[in-house]
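One-letter residues, chain by chain:
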Amino acid sequence: MNFNFQIFPTKASDMAGQVDSLYLFLVLLTTFFSLLIALLILFFAIKYRRTPERKAEQIHGSTLLEIVWSVIPLGISMVIFAWGAQIYYHMERAPANALEIYGVGKQWMWKFQHPGGQREINELHVPMGRPVKVTLISQDVIHSFFVPAFRVKQDVLPNRYVFTWFTATVPGTYHLFCSQYCGTKHSGMVGSVVVMTQEDYANWLASGKAEGSLASQGEKLFQQYGCTTCHRPDSGARGPNLDGLYGRSVRLEDNRVVLADDNYIRESILEPNAKVVSGFRSIMPTFRGVVGEEDLISITEYIKHLSEQELNPLNNRSTPTQIRDNEVPNIQQQQRVPQGPRPATEPGKKP
Amino acid sequence: MSTSQTTTDHHPALAHQFDSMEQQQNASTFGMWVFLLTEIMMFGGLFTAYLIYRIKFYPAFVAGSTSISVSWGFANTLVLIGSSFTMAMAVWAAQRGKRQMQVWFLIGTMVLGAAFLGVKAKEYTDKYQECHIPGHVIGKGFNTWGGCSASDNKLGNIADEIREKDPNIPEGAAKQTAHQTEIFFSFYFAMTGLHAFHMVIGMGLMTWLTLRASRGEFGPQYYTPMELGGLYWHFVDIVWIFLFPLLYLISRHHHGV
Amino acid sequence: MSTATTIVKPVMPERHYLNDNYGIRSWLLTKDHKRIAILYLITITFFFFLGGIFAALIRLHLLTPNGELFQSDTYNKLFTMHGVNMIFFFLVPSVPATLGNFLLPIMIGTKDLAFPKINLLSWYIFVVGAGFALAALVTGGVDTGWTFYAPLSTGYLRTHVILLAVGVLIAGFASIFTGLNFIVTVHRMRAPGMTWGRLPLFVWANYATSIIMILGTPVIAITLILVALERGFHIGIFDPNLGGDPVLFQHMFWFYSHPAVYIMILPGMGVISEIVTCFSRKRVFGYSFIAFSSIAIAVFGFVVWAHHMFVAGISVYSALVFSVLSYAVAIPSAVKVFNWTATMYKGSVKLDTPMLYALAFIGLFTIGGMTGLFLAALGLDIHIHDTYFVIAHFHYVMVGGMVTAYLGGLHFWWPKITGRMYPEPPAKLAALVTFIGFNLTFFPQFILGYLGMPRRYWAYPPEFQVLNVLSTAGASILAVGFILPLIYFAWSLKFGEIAGDNPWQAAGLEWETSSPPPTHNFDKPPVVTKEPYHYGDEEADGVH
């Protein structure tokens with residue numbers, strides 16, 4: 001048997017200390033009240049034990065006391081709530097300058113992609129001392145990205161990007177767990193997060209074979225899938241120009257205004273009819289079943305890096321071009337990546 | 001064990017746990033209302049899920065709604081309202097001890113209920129033939145974009161219908177919307193199916209009530225089962241009153257998109 | 001103050017509900033709420049031990065970190081079947097369907113529940129649902145986790161999910177009918193003089209529970225129907241590949257399953273109110289506060305469900321709302337704990353077995369409830385969600401709380417139900433063994449959870465082994481603590497001391513009729529003139 005054990009987890013992120021403080025406060029609070037109640041009931045059980053000489057005193061209650069012991073716990077609760085909310089609020093807002101890494105969870109492994117194109121399986125190398133934002137998606141069921149040393153957890157959903165972020169503070173290797181039950185090898189979907197000094201991280205990035213950055217891979221895919229047919233900066237283009245799109249507000253044809261974030265880009269590729277940009281027709285075919293999850297990430301990364309455009313602002317088109325159907329590329333004939341519905345009688349196929 | 005002097009306390013229908021017919025009637029009616037409350041919660045959960053997806057996939061819901069027949073749905077609505085009327089009349093007759101009238105109105109309710117179920121059967125058959133049954137377990141599977149029938153690729157072709165309404169919508173977009181109608185039809189069958197299941201139970205209740213009514217069991221002193229049956233039947237009717245506009249009348253007042 | 005009269009040894013009444021009729025038909029077709037309670041008692045005891053066997057296997061497996069005892073698929077089935085059995089086939093019916101069914105009509109002074117045939121029907125529905133669940137078990141078991149999350153459960157598993165889902169949803173209807181019966185009974189069948197303000201707190205607790213049962217259970221029914229449809233027909237209500245939203249499943253699931261935990265605990269709290277008053281010989285400190293706190297818990301319990309989903313992808317603003325409401329729902333429970341403690345103050349306390357269980361409840365429920373505050377704190381929940389911390393929390397409230405209260409209630413009312421006393425020394429021993437075993441099992445799990453050990457892990461990093469071994473050691477002791485009552489309760493049926501009408505000299509209408517009660521509960525219908533817990537009238541009652 002392994003006799004090395006800890007009582008308290010390692011702290012390796014800047015938030016870990018804050019989470020631990022709240023935890024310790026609650027431990028003390030719980031200990032205090034539990035001991036208080038336990039000692040009281042034991043004390044009363046002994047002091048007021050049944051004897052033939054003494055009868056119980058029928059006390060009529062006390063509204064004041066009831067109010068006191070309702071209001072005080074309520075007050076304490078609100079303090080705890082505010083404290084927890086403040087930590088949570090901070091943890092839900094990634095800083096703008098965070099290093100962005102993409103993660104795909106699938107039964108039963110984690111795949112990570114660094115912006116420089118480096119890929120990892122079940123291991124995630126990160127630099128210490130700077131915020132790292134991990135954008136995550138699942139290829140099948142719901143998983144959860146959990147790094148106890150950072151006190152960070154985020155459920156990873158299919159068909160929708162979510163993110164989590166942290167600033168690692170101590171170099172070392174830490175557990176990565178999947179913490180949302182996902183089937184047979186749920187407990188095997190573990191890995192490590194390797195925190196390195198910034199210098200070591202730069203060296204690590206430079207070593208290993210370079211396939212080119214994610215964005216440049218995405219650019220190749222953008223051409224390969226025929227996106228450039230319609231998405232061009234010239235005025236004859238059938239699709240909106242994507243320069244400078246990322247992070248902007250977009251007006252749709254039904255007058256809604258939405259934010260062009262990762263999920264918007266992904267949805268536009270897979271369900272192009274869901275949000276059609278004002279001034280354009282819904283002629284874009286769907287690429288669901290054609291573009292795999294990791295290619296989607298590369299394409300998204302590419303689009304994010306498209307520079308600000310000078311001419312033809314995105315949502316200022318007035319007259320849509322006349323479109324003939326046979327000019328829209330026929331995607332179905334291109335390469336297929338198995339994805340999408342599969343019969344439930346077979347175990348989840350891994351594409 | 002009761003000490004009241006009225007004859008109703010020795011009524012054969014007085015259950016042993018109650019002290020008087022009045023208490024029994026009170027409690028039973030209250031119980032039925034509580035039960036209907038649970039039914040509201042159950043249908044409510046389903047309706048909530050429906051509303052969420054309707055907002056998410058509105059064009060597809062419009063297209064799916066267009067492909068089911070408003071005429072038959074409306075006919076069914078009239079049939080059910082009629083059956084609620086006959087049911088109310090049956091309860092009225094029971095309260096007055098009119099044995100023949102009770103039985104006839106109950107039978108009338110059942111006939112209308114059967115008519116409702118018959119129309120639903122026809123609608124379901126139509127959906128089967130048009131390949132609008134979601135999933136790929138029943139029949140020829142789900143196909144709303146052509147190819148359901150070998151000889152006629154317009155049968156059940158919602159993509160075509162979308163483009164007929166608005167020729168500016170290109171084929172790809174129409175097919176995509178047609179794919180999404182699978183969710184609409186899932187809810188269509190789940191909601192009308194759950195409702196029809198309750199109708200069938202209702203028919204069973206009506207049969208039992210008719211038997212008892214024909215034996216003269218109900219009169220001014222005791223008509224509680226009729227009243228409870230009435231409450232149940234009216235509830236099932238009201239569920240349909242919600243279902244009909246939610247499923248059949250999506251965006252119908254717009255001609256076109 | 002003893003008088004010179006000799007104490008008469010109690011005798012069993014000649015006719016009572018157990019011997020009024022013999023034969024299997026008189027039991028299987030009974031309309032007597034007391035017999036139906038016994039039917040339920042036997043059934044849920046079976047499922048308790050079945051779920052307990054799964055728990056034992058889980059703990060044995062977790063002795064080693066590398067998953068050596070069972071294969072991972074088997075292990076996944078073990079924790080699923082443990083959870084489903086314990087929650088749906090033991091905890092939810094436990095007090096309401098056994099003690100509630102037995103006592104509620106007697107406590108309010110009437111002959112039976114409002115709808116005895118529906119009561120019997122509810123037992124049959126329960127058995128049918130349980131049958132489906134057992135069918136799922138013998139055809140290989142199900143491995144979705146008791147929470148059935150989509151899309152895992154709807155599209156990625158080959159086990160008989162639909163069988164189990166159907167079993168659970170059918171059993172849910174049993175719960176609905178019980179709740180419906182209780183509500184109508186309390187509203188319409190109270191004896192003359194039994195006003196709402198004189199109802200025993202056990203009745204208030206079951207009434208509040210019934211409200212939750214009737215409003216919440218239908219939602220899990222429809223959710224499971226949709227899961228079954230999705231699985232059976234491959235439609236996409238929750239599967240994102242087909243346009244569905246898996247988070248919607250979680251909302252619908254937890255909309256019932258959170259109130260369900262209050263269904264599970266409120267009746268236990270009702271039991272504690274009865275026991276603490278009797279064994280302190282005092283009226284309860286704040287009757288209205290305890291009564292209304294039950295209603296408050298029922299109401300608030302419906303608006304906190306998404307605290308199970310803080311990291312599931314809900315918006316920050318939703319999370320804030322659900323967190324603050326979760327703190328609000330904790331307050332009424334705290335009020336109860338303080339009131340019970342205050343009830344003991346200046347009382348006349350006797351530590352018989354029911355009181356031991358009640359005191360254990362108060363302590364363990366406080367710990368369990370307060371660890372809920374940890375989970376409701378957003379920033380902290382991110383770390384401890386889906387870890388062993390959650391497991392420890394809910395076992396403290398469910399086992400340290402509810403099962404303890406159930407056992408306390410069984411001991412307290414055993415003489416009323418059977419006419420015989422259980423033997424006190426082994427009972428005290430069992431209570432002690434259970435208490436020790438329970439804490440040793442689950443306290444280490446708080447530590448494990450904060451360290452980061454996730455739930456539902458077949459294998460775990462070796463540094464977690466010591467705590468797991470401690471936990472398993474505790475489980476073996478806990479098992480003994482649970483088996484002992486099975487033995488001595490059975491023994492007492494034949495050899496237990498005859499109890500008499502009121503062995504505890506307790507207040508309450510149930511103690512004013514014979515033990516066991518006659519089929520029609522009272523020889524003369526009672527008229528209520530006294531307030532509840534009228535322990536101050538002891539002289540008038542001739543009690544000392």
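Shown above is the structure to which this text applies.
Note that the coordinates shown come from a computational prediction; the quantities given were computed from them, not determined experimentally.

Student: If you had to explain the packing of aromatic side chains to someone new, which residues and values would you point to?
Tutor: Given two aromatic rings, one states the distance between the centres and the angle between the planes to describe the pair. Applying the stated criterion across every chain yields a total of 89 aromatic pairs over all chains. Relative to Tyr450 of chain C, the ring of Tyr23 of chain A has its centre 3.6 Å away and its plane inclined at 10°; by these criteria the two rings are stacked. Note that Tyr23 of chain A is positioned in helix H1 (residues 16-47) and Tyr450 of chain C in helix H15 (residues 424-451), a pairing that runs across two chains. For the pair shown, Tyr23 of chain A and Tyr450 of chain C are each scored as buried. With a centroid separation of 6.2 Å and 75° between ring planes, the pair formed by Tyr149 of chain C and Phe249 of chain C is classed as edge-to-face.

Student: Describe empty space enclosed by the protein, naming the residues involved and giving the relevant values.
Tutor: Gaps left between atoms are located by rolling a probe of water-molecule size over the structure's atoms. One pass over the structure, following the stated rule, counts nine cavities of 30 Å³ or more. Of the voids in this model, the largest cavity is the one considered here, and its volume is about 550 Å³. Taken together, 33 residues make up the lining of the largest cavity; nearest its centre are His231, Pro240, Leu242, Ser268 and Met284 of chain A. If you list the elements that add at least two residues to the lining of the largest cavity, you get helix H5 (262-270) and helix H6 (293-304) of chain A. If one sorts the elements of the lining of the largest cavity by residue count, H5 of chain A sits on top with four residues. Broken down by class, the residue content of the lining of the largest cavity amounts to 24 nonpolar, six polar and three charged. Of the pockets and cavities examined, the second largest cavity occupies roughly 130 Å³. Forming the boundary of the second largest cavity are 16 residues, of which Phe88, Val92, Ala171, Gly172 and Ser175 of chain C lie nearest the centre. Going through the elements one at a time, helix H7 (161-188) and helix H8 (201-233) of chain C are the ones with two or more residues in the lining of the second largest cavity. Broken down by element, the lining of the second largest cavity gets its largest block of residues, six residues, from H7 of chain C. Split into classes, the residues belonging to the lining of the second largest cavity amount to twelve nonpolar, four polar and no charged.

Student: Please provide a residue-by-residue account of the interface of chain B and chain A, values included.
Tutor: In this complex, chain B contributes eight residues to the contact, which on the side of chain A involves ten residues. The contact between chain B and chain A buries some 700 Å² in all, and 43% of this surface belongs to carbon and sulfur atoms. Viewed at the interface, chain A and chain B are joined by three residue pairs in polar contact (both at pLDDT 80 or more). Ranked by residues supplied to the side of chain B that touches chain A, first place goes to helix H6 (residues 171-214) of chain B with five residues. Partitioning the side of chain B that touches chain A into residue classes produces two nonpolar, four polar and two charged.

Student: Before we move on, can you summarise the interface of chain A and chain C with the specific residues and values?
Tutor: Tallying the contact residues gives 92 residues for chain A and 101 residues for chain C. Both faces considered, chain A and chain C share a buried interface measuring about 8700 Å² in area, 66% of it formed by carbon and sulfur atoms. For chain A, the biggest contributors to the area lost against chain C are Arg50, Tyr88 and Tyr181 of chain A; these three give 10% of the whole. For the interface between chain A and chain C, the tally reads zero salt bridges. Along the contact surface separating chain A from chain C lie 29 residue pairs in polar contact (both at pLDDT 80 or more). Secondary-structure elements contributing two or more residues to the side of chain A that touches chain C are H1, helix H2 (63-91), strand E7 (152-156) and strand E9 (172-178) of chain A.

Student: Break down the sheet that holds strand E6 (residues 143-147) of chain A for me, citing the residues and quoting the values.
Tutor: Residues and elements named next belong to chain A. Read from one edge to the other, the open sheet built from five strands follows the order E4-E10-E9-E6-E7, with strand pairing classed as mixed. The open sheet has two free edges, formed respectively by strand E4 (123-127) and E7, since each of these has just one partner strand. The average angle at which neighbouring strand axes cross in this sheet is 20°, direction not considered. Bridge count for E6 against E7 is five bridges, and the pairing is antiparallel. Bridge pairing in E7 links Phe146 to Lys153. Across the sheet, helix H3 (residues 198-206) is in contact with E4 and strand E10 (191-196); its angle to E4 comes to roughly 130°.

Student: Hey, could you go over unusual backbone geometry for me, with residue numbers and the actual values?
Tutor: Following Gln107 of chain A, the chain continues to Trp108 of chain A via a peptide bond in cis, the omega torsion being 0°. Within the element layout of this structure, Trp108 of chain A appears in the loop between strand E1 (99-106) and strand E2 (109-113). Of note in the backbone geometry, Lys346 of chain C takes a positive phi value of approximately 60° without being a glycine. Assignment of secondary structure puts Lys346 of chain C in the loop between helix H11 (316-344) and helix H12 (353-376).

Student: Explain H11 of chain C to me, and be specific about the residues and the numbers.
Tutor: Because each turn of an α-helix spans 3.6 residues, side chains separated by three or four positions end up pointing in the same direction. Residue and element names in this part refer to chain C. Compared with an ideal rise of 1.5 Å per residue, which puts 29 residues at 42 Å, H11 spans 44 Å between its outermost C-alpha atoms and is within 8% of the ideal. Most of H11 sits inside the fold, with 21 of its 29 residues counted as buried. Lys346 sits one or two residues past H11 and shows a positive phi near 60°.

Student: Help me get a handle on the pattern of salt bridges, residues and values and all.
Tutor: A pair can form between side chains of opposite charge whenever their charged atoms are brought close. Residues and elements named next belong to chain C. This structure, assessed with the given rule, holds 21 salt bridges over all chains. Its salt-bridge partner being Asp20, residue Arg15 comes within 2.6 Å of it at the nearest N-O pair. For Asp352, the salt bridge identified is with Lys350, shortest N-O distance 3.3 Å. Judged by relative accessible area, which is 11%, Asp352 ranks as buried. Within this structure, Lys350, Asp352, Glu424 and Lys428 form a network of salt bridges that share partners.

Student: So what about the packing of helix H2 (residues 33-61) of chain C against helix H3 (residues 72-91) of chain C? Which residues, and what values?
Tutor: Helix-helix packing is described using two parameters, namely the angle between the two axes and the distance between the axes. Residue and element names in this part refer to chain C. Relative to each other, H2 and H3 sit at 150°, their axes nearing to 9 Å. One way to sum up the angle between H2 and H3 is to call them roughly antiparallel. In the packing of H2 onto H3, the handedness of the crossing is left-handed. Seen from H2, the contacting residues are Ile44, Phe47, Phe48, Leu50, Gly51, Gly52, Phe54, Ala55, Leu57, Ile58 and His61; seen from H3, they are Tyr75, Leu78, Phe79, Met81, His82, Asn85, Met86, Phe89 and Phe90. Here the contact of H2 with H3 is built from residues that sort into 15 nonpolar, five polar and no charged.

Student: Can you explain H2 of chain C? Please cite residues and give values.
Tutor: Relative to the 42 Å expected for 29 residues at 1.5 Å per residue, H2 of chain C spans 42 Å between its end C-alpha atoms, a close match to the ideal helical length. Two or three places before Lys34 of chain C, at the start of H2 of chain C, stands the capping residue Asp32 of chain C, its side-chain oxygen 3.0 Å from that residue's backbone nitrogen.

Reading the values: the criteria
Residues numbered from 1 in each chain as written. Chains lettered and ligands numbered in written order. Predicted model: local features only at pLDDT ≥ 70, side-chain atom pairs only at ≥ 80, totals over all residues. Heavy atoms only, no water. Phe/Tyr/Trp six-rings, centres within 6.5 Å; stacked < 30°, edge-to-face > 60°. Helix = DSSP H or I, 4+ residues; strand = E, 2+ residues; numbered from the N terminus. Buried < 20%, exposed > 50% of the residue type's maximum accessible area, 1.4 Å probe, protein only. 1 Å grid on protein atoms, 1.4 Å probe; cavity = no way out; pocket = protein on both sides within 12 Å on 5 of 7 lines; lining within 4 Å. Points joined across faces, edges and corners; volume = space filled by probe spheres on them. Nonpolar A, V, L, I, M, F, W, Y, C, P; charged D, E, K, R; others polar. Contact = heavy atoms within 4.5 Å. Buried area = accessible area lost by both parts, 1.4 Å probe. Polar contact = N/O pair within 3.5 Å; in protein donor to acceptor, adjacent residues only side chain to side chain. Salt bridge = Lys/Arg side-chain N within 4 Å of Asp/Glu carboxyl O. Pairing = 2+ DSSP bridges. Axes fitted to C-alpha atoms, helices over the stretch in contact; angles between N-to-C directions. Expected span 1.5 Å × (residues − 1). Parallel < 35°, antiparallel > 145°, perpendicular 65-115°, else oblique. Left-handed = near helix turned anticlockwise from the far one by under 90°.

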